[in-house]
Amino acid sequence: MLAASGKLDRRAVVNALLADRGDLLVIAGLGAPAWDITAAGDCPTNLPLWGGMGGAAVMGLGLALAQPTRRVLVITGDGEALMGLGALATIATKQPPNLSIVVLDNEHYGETGGQETATKHGVDLAAIARGAGIADARTITTPDGIAPLREAIHTAAGPTLAVIKIDAANLPLKLPPREGAYLAARFREAILGPQAHHQL
Amino acid sequence: MDRDALEMRPDAAADWPDRIYAVLKAQNITQVALVPDAGHSRLIKRCLADNAITVVTLTTEEEGIALLSGAWMGGVKGVLLMQSSGVGNCINMLSLPILHRTPMPMIVTMRGDYGEFNPAQIPMGNATQTVLEAMGTLVRRADVPEDVEACVDATIRMAFNTYRPTATLLGQRLIGAKTFGKD
């Protein structure tokens, strides 16, 4: 699960987190996290985002509130999470028991040339999440943290946030479908059945 | 009303906020995302008092676009309540409902629109309709109480029937206006 740098490999981490995922609903923030969940296996219960930077976590909140009996996982990056920091307060206020957020933190804007993010300079997203009121907010730097996190994603009794420090290498692109209407329709049908396409 | 007030809110006798609430109920809206505005305060109180409505108070309005996108994925209908200044915060996030063909009704109380006191409200208030339309939103305005219910109903119906962002702008003239005959 480690890259040559000794840091966690993002694709190996995401593969492990999504193993035997059952009916887990997964939203991925734009860029590398969307490629990562696609590399793990594209499927209707994946919603990879192509835009809306800063919105992934709170999109997960809207889904978690709408579907309280389903488990919802948002996988995103440090740049996307930093753009939507206020969402941590919004999520903490609602305390959704079925929402987990994983931040794959490579401390860089990987899609735009590898510029450093604020986490490179000490900004601690897990501490910010705890300060907002997400009690289960952890930082993971070694492989032994991954299995317990996978368990929490499926069973935790409150919202969770995990910052996973990962290797900063850009991996080969693994692109999901680009048509948003298709991605949304298949995701909704996976949740709601054929009724998804009729009037609510 | 006091035209020099820093915040304007409907007179106590105005019942259009209650009629908006009735439209939300009739349209089966069960998630309401908002950043508070004085013009929406009575509607917000009605929503908070309703156990069938999940109210989510946002730190910034763009969160509401993402939140309600997630709600729609999960089969729940929502609306976003905000002041016109908040529309500016939503612009890029509106990419998501356009991309995903997600219904996204917004009910916007206007500032910087009619008899404004605060100069900082003018730039965004003056641009609100233009920037919403630039991002593909169907915009309708209500400037008198008689138009509110029909406008909000149309805004919600067009969003959910045609899968796109829509907005009702509640004019500042309405928000500050008296309901004649009731006071």
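Residues numbered from 1 in each chain as written. Chains lettered and ligands numbered in written order. Predicted model: local features only at pLDDT ≥ 70, side-chain atom pairs only at ≥ 80, totals over all residues. Heavy atoms only, no water.

## Examining the overall build of chain A
The test is simple: Each helix is a run of H or I in the DSSP string that is no shorter than four residues. Each strand is a run of E no shorter than two, and both are numbered from the N terminus. When checking whether two residues touch, look at their non-hydrogen atoms; a contact exists if any pair is within 4.5 Å. In these tables, accessible area is a Shrake-Rupley quantity obtained with a 1.4 Å probe, and a residue counts as shielded only by the protein chains included in the view. Charge assignment: positive for Lys and Arg, negative for Asp and Glu; neither His nor the chain ends contribute. Here the site of a charge means atom NZ of a Lys, CZ of an Arg, CG of an Asp or CD of a Glu.
The helix and strand inventory of chain A stands at 8 helices and 8 strands. C-alpha extents for chain A along the principal axes are approximately 50 × 35 × 30 Å. Expressed as a percentage of contacts within chain A between residues at least 6 apart in sequence, the contacts between residues at least 24 apart total 73%. Only carbon and sulfur atoms are counted for the fraction: they give 56% of the accessible area of chain A, which is about 7700 Å². Between the averaged position of the 16 positive side-chain charges in chain A and that of its 18 negative side-chain charges there is a distance of 4 Å.

## As for the overall build of chain B
As a reminder, the rule being used: Only C-alpha atoms enter the radius of gyration, while the globule expectation follows 2.2 Å times N to the 0.38, with N the number of residues. When a residue's accessible area, from a 1.4 Å probe over protein chains only, is under 20% of the maximum for its type it is buried; when over 50% it is exposed; and in between it is partly exposed.
Each helix and strand in chain B was counted, giving 8 helices and 6 strands. Radius of gyration (C-alpha) of chain B: 15 Å, near the 16 Å computed for a compact globule of 183 residues. A buried classification covers 55% of the 183 residues belonging to chain B. Sequence-distant contacts in chain B: of pairs separated by 6 or more residues, those separated by 24 or more amount to 78%. If you sum the accessible surface of chain B, you get close to 7100 Å²; carbon and sulfur atoms cover 52% of it. Each charge class in chain B was averaged separately, 17 positive and 20 negative side chains, and the resulting centres sit 5 Å apart.

## Focus on the state of the cysteines
Such a bond, covalent and formed between the sulfur atoms of two cysteines, is termed a disulfide. Residues and elements named next belong to chain B. The test is simple: Throughout, a disulfide means two cysteine sulfur atoms within 2.5 Å of one another.
According to the stated counting rule, one finds 0 disulfides over all chains in the structure shown. The structure places no disulfide on C47, whose sulfur is separated from the nearest cysteine sulfur, that of C90, by 17 Å. Judged by relative accessible area, which is 0%, C47 ranks as buried. With no disulfide partner, C151 has as its closest neighbouring cysteine sulfur the one in C47, 18 Å distant.

## Quick notes on the environment of N51(B)
Turning to its location among the elements, N51(B) is positioned in the loop between helix 2 (41–48) and strand 2 (54–57). When the C-alpha atoms of N51(B) and M8(B) are compared, they prove to be 28 Å apart, with 43 residues separating the residues in sequence.

## Focus on the sheet that holds strand 2 of chain B
Residues and elements named next belong to chain B. Cut-off, in case you're wondering: DSSP bridges decide pairing: two strands pair if at least two such bridges lie between them. Where helices are involved, their axes are fitted lines through C-alpha atoms of the stretch in contact, as for all axes, and angles between N-to-C directions lie from 0 to 180°.
The strand order across the open sheet formed by 6 strands is 2-1-3-4-6-5, and the pairing between neighbours is parallel. If you trace the sheet from one side to the other, it starts and ends with strand 2 and strand 5 (138–142), each paired once. Neighbour to neighbour, the strand axes of the sheet diverge by 20° on average, direction disregarded. Note that strand 1 (residues 31–34) and strand 3 (residues 78–83) share 4 bridges and pair parallel. If you follow A33 over to strand 3, its bridge partner there is L80.

## Side note on the packing of aromatic side chains
Threshold: Stacked, edge-to-face and tilted labels apply to pairs of Phe, Tyr and Trp rings (six-membered ring for Trp) whose centres lie within 6.5 Å, assigned for plane angles under 30 degrees, over 60, and everything in between, in that order. Remark: a charge is flagged as sitting over a ring if the NZ atom of Lys or the CZ atom of Arg is within 6 Å of the ring centre and within 35 degrees of the ring normal.
Evaluation of the coordinates by the stated rule reveals 3 aromatic pairs over all chains. By the ring-pair criterion, three or more aromatic residues cluster together here, those being W72(B), F160(B) and Y163(B). Between the NZ or CZ atom of R188(A) and the centre of the ring of W72(B), over which it lies, the distance is 3.7 Å. Lying over the aromatic face of F160(B), K77(B) brings its terminal NZ or CZ to 4.7 Å of the ring centre.

## Brief notes about the packing of helix 1 (residues 10–17) of chain A against helix 7 (residues 146–155) of chain A
Residue and element names in this part refer to chain A. Condition: Oblique is the label for any angle not covered by the other classes, which are roughly parallel (under 35 degrees), roughly antiparallel (over 145) and roughly perpendicular (65 to 115). Should the near helix be turned anticlockwise from the far one by less than a right angle, the crossing is left-handed, and should it be turned clockwise, the crossing is right-handed. Gly is put with the polar residues, along with every residue not named as nonpolar or charged; the nonpolar set is Ala, Val, Leu, Ile, Met, Phe, Trp, Tyr, Cys and Pro, and the charged set is Asp, Glu, Lys and Arg.
At a minimum axis distance of 9 Å, the contact between helix 1 and helix 7 shows a crossing angle of 45°. Between helix 1 and helix 7, the interaxial angle falls into the category oblique. The way helix 1 lies across helix 7 gives a crossing that is right-handed. Where helix 1 approaches helix 7, its residues V13, A16 and L17 are matched on the opposing element by I146, L149, R150 and I153. The residue makeup of the contact of helix 1 with helix 7, split by class, is 6 nonpolar, no polar and 1 charged.

## Here we look at the sheet that holds strand 8 (residues 160–165) of chain A
Consider a sheet: its strands pair through backbone hydrogen bonds, and that pairing is either parallel or antiparallel. Residues and elements named next belong to chain A. Read from one edge of the open sheet, 6 strands run 2-1-3-4-8-7, paired in parallel fashion. Sheet topology places strand 2 (46–48) and strand 7 (136–140) at the edges, where each strand pairs with a single neighbour. Each adjacent strand pair in this sheet contributes to an overall mean axis angle of 15°, direction not counted. Helix 8 (residues 180–192) contacts strand 1 (25–28) and strand 2 of the sheet and is inclined by roughly 155° relative to strand 2.

## So, the confidence of the model for chain B
What counts here: Looking at any residue, its pLDDT shows the predictor's confidence there, from 0 to 100.
The pLDDT averaged across chain B works out to 93; a share of 92% of its residues lies at or above 70. Scored below 50 in pLDDT, residues 178–183 of chain B shows 8 contacts in the model against residues more than four places distant or in partner chains.

## Overview of the environment of C47(B)
All names here are of chain B. Structurally, C47 can be placed in helix 2. Sequence-wise, C47 and D11 are 36 residues apart; in three dimensions their C-alpha atoms are separated by 19 Å. Discounting chain neighbours no more than four positions away, the residues touching C47 are Y21, L24, V32, I53 and V55.

## Things to note about the nonpolar core
Keep this limit in mind: Residues enter a nonpolar core if they are buried and are Ala, Val, Leu, Ile, Met, Phe, Trp, Tyr or Cys, with the set joined through side-chain atoms within 4.5 Å.
Among the nonpolar cores identified, the biggest contains 58 residues, and L161(A), L80(B) and M106(B) are the most heavily contacted of them. Those residues in contact with M106(B) that lie beyond four places of it in its chain are I65(B), L80(B), M82(B), L94(B), L132(B), T137(B), T155(B), P165(B), T166(B), A167(B) and T168(B). With 29 residues, the next largest nonpolar core counts C47(B), V55(B), F160(B) and L170(B) among its residues.

## Some thoughts on the UniProt feature "domain: Thiamine pyrophosphate enzyme TPP-binding" (unreviewed entry) in chain A
Spelled out, the test is: UniProt positions are given in the numbering used here, feature names are shortened, and annotations may be inferred rather than shown by experiment.
Per the UniProt record, the feature "domain: Thiamine pyrophosphate enzyme TPP-binding" (unreviewed entry) sits at residues 49–161 of chain A. Note that residues 49–161 of chain A is 39% helix and 21% strand, and that its end C-alpha atoms are spaced 19 Å apart.

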